[in-house]
Amino acid sequence: MNPIGIFGGTFDPIHYGHLRTAFELLQALKLGELRFMPAGNPPHREQPMASAEQRVAMVRAATTGQPGFTVDDRETRREGPSYSVDTLAGLRAEHPTRPLCLIVGMDAFLELPKWHQWQELLQLSHLVVAHRPGWRAPTMGPLGELLVDRGTGRVDDLHEAIAGRIFIHAVTQLEISSTEVRRLIASGRNPRYLMPDAVCDIIASTACYARGQQR
Ligand code: ATP
């Protein structure tokens, strides 16, 4: 069975940087499924502006119709902080023999040692690091050592073991961030073409990023 990719994020809001990355990884890694996993109460950062329900609705709207893309809202339904290690343990219990690939950006990977029980992650899942503009893979320190030990350039390694490898993959670089999108909307500009129209429609109808948006 082909691996399940897990793409976690705040998705406040989802944009084409996320979607293109997910699509390229779905294809390049021959994933059976790519699951978008909106975070409920992210432990490492400020609280999102849009509600969990709005963020889930935007992710669903953005991904509907793409075979292989699914949305899993379990983290938004959980009380308290949502830690990746808990989410992965749940998925592992549901899929004991299927490879799991946790997808993170290079920026998130560089923060890995700050994640709750980060050393457990690789017992539960592979780690797939998507290159983002301006970030380089570490060559020294704990992450550099981890890459020497666990790094691979072979997609087959992600299919042959259910967890434990780190795969770094360059994706088309789209310099879009949710922060910039929110800023743009708050200044009254239209976010069209940074995200699917269905997402723009939800943003306009819920006014979840405040100020009125130009048509
Ligand atoms: P914010 O600006 O609010 O921090 P963001 O745009 O980085 O948000 P997140 O929801 O925090 O979006 O990101 C989820 C995941 O997607 C992270 O692993 C992040 O590195 C990755 N990601 C975000 N933007 C892009 C992009 N333009 N290209 C590739 N990956 C991205």
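Residues numbered from 1 in each chain as written. Predicted model: local features only at pLDDT ≥ 70, side-chain atom pairs only at ≥ 80, totals over all residues. Heavy atoms only, no water.

Overview of the environment of H131
Here is step 1: For H131, the position within the fold is in strand β5 (residues 126-131).
Here is step 2: Taking C-alpha positions, H131 is 19 Å from E145, a pair spaced 14 residues apart along the chain.
Here is step 3: Discounting chain neighbours no more than four positions away, the residues touching H131 are M106, I168, H169, A170, V171 and Q173. (Helix = DSSP H or I, 4+ residues; strand = E, 2+ residues; numbered from the N terminus. Contact = heavy atoms within 4.5 Å.)

What about the pattern of salt bridges?
Here is step 1: For the structure on display, the rule yields 16 salt bridges.
Here is step 2: Among the salt bridges present, the one from R60 reaches D73, with a minimum N-O distance of 3.6 Å. Of this pair, R60 sits in helix α2 (residues 52-63) while D73 sits in the loop between β3 (69-71) and α3 (74-77); the two residues are 13 residues apart in sequence, bridging distant segments of the chain.
Here is step 3: Judged by relative accessible area, D73 falls into the buried class, the value being 18%. (Salt bridge = Lys/Arg side-chain N within 4 Å of Asp/Glu carboxyl O. Buried < 20%, exposed > 50% of the residue type's maximum accessible area, 1.4 Å probe, protein only.)

Some points on the pairing of β5
Here is step 1: The element β5 is largely enclosed, with a buried count of five among its six residues.
Here is step 2: Pairing geometry for β5 and strand β7 (residues 166-170), over five bridges, is parallel. Residue V128 lies in a different strand from β7, and its bridge partner there is F167. (Pairing = 2+ DSSP bridges.)

Concerning the packing of α2 against helix α10 (residues 197-206)
Here is step 1: Interhelical geometry of α2 versus α10 gives an angle of 150 degrees and a closest axis separation of 8 Å. Between α2 and α10, the angle falls in the class roughly antiparallel. Both α2 and α10 take part in a crossing whose hand is right-handed. Between α2 and α10, the contacting residues are Q54, A57, M58, A61 and A62 on the first element and A198, V199, I202, I203 and T206 on the second. (Axes fitted to C-alpha atoms, helices over the stretch in contact; angles between N-to-C directions. Parallel < 35°, antiparallel > 145°, perpendicular 65-115°, else oblique. Left-handed = near helix turned anticlockwise from the far one by under 90°.)

A few points about the site of the ligand
Here is step 1: The local shell around the ligand holds 20 residues, among which H18, D107, L174, S178 and T179 are the closest.
Here is step 2: In the environment of the ligand, an oxygen atom lies 2.8 Å from a nitrogen or oxygen atom belonging to the side chain of D107.
Here is step 3: Among the elements of the structure, β1 (4-9), α1 (16-28), β4 (100-105) and α9 (178-186) are those that each provide at least two residues to the shell around the ligand.
Here is step 4: For the shell around the ligand, the per-class residue count stands at five nonpolar, 11 polar and four charged. (Near = heavy atom within 4 Å. Polar contact = N/O pair within 3.5 Å; in protein donor to acceptor, adjacent residues only side chain to side chain. Nonpolar A, V, L, I, M, F, W, Y, C, P; charged D, E, K, R; others polar.)

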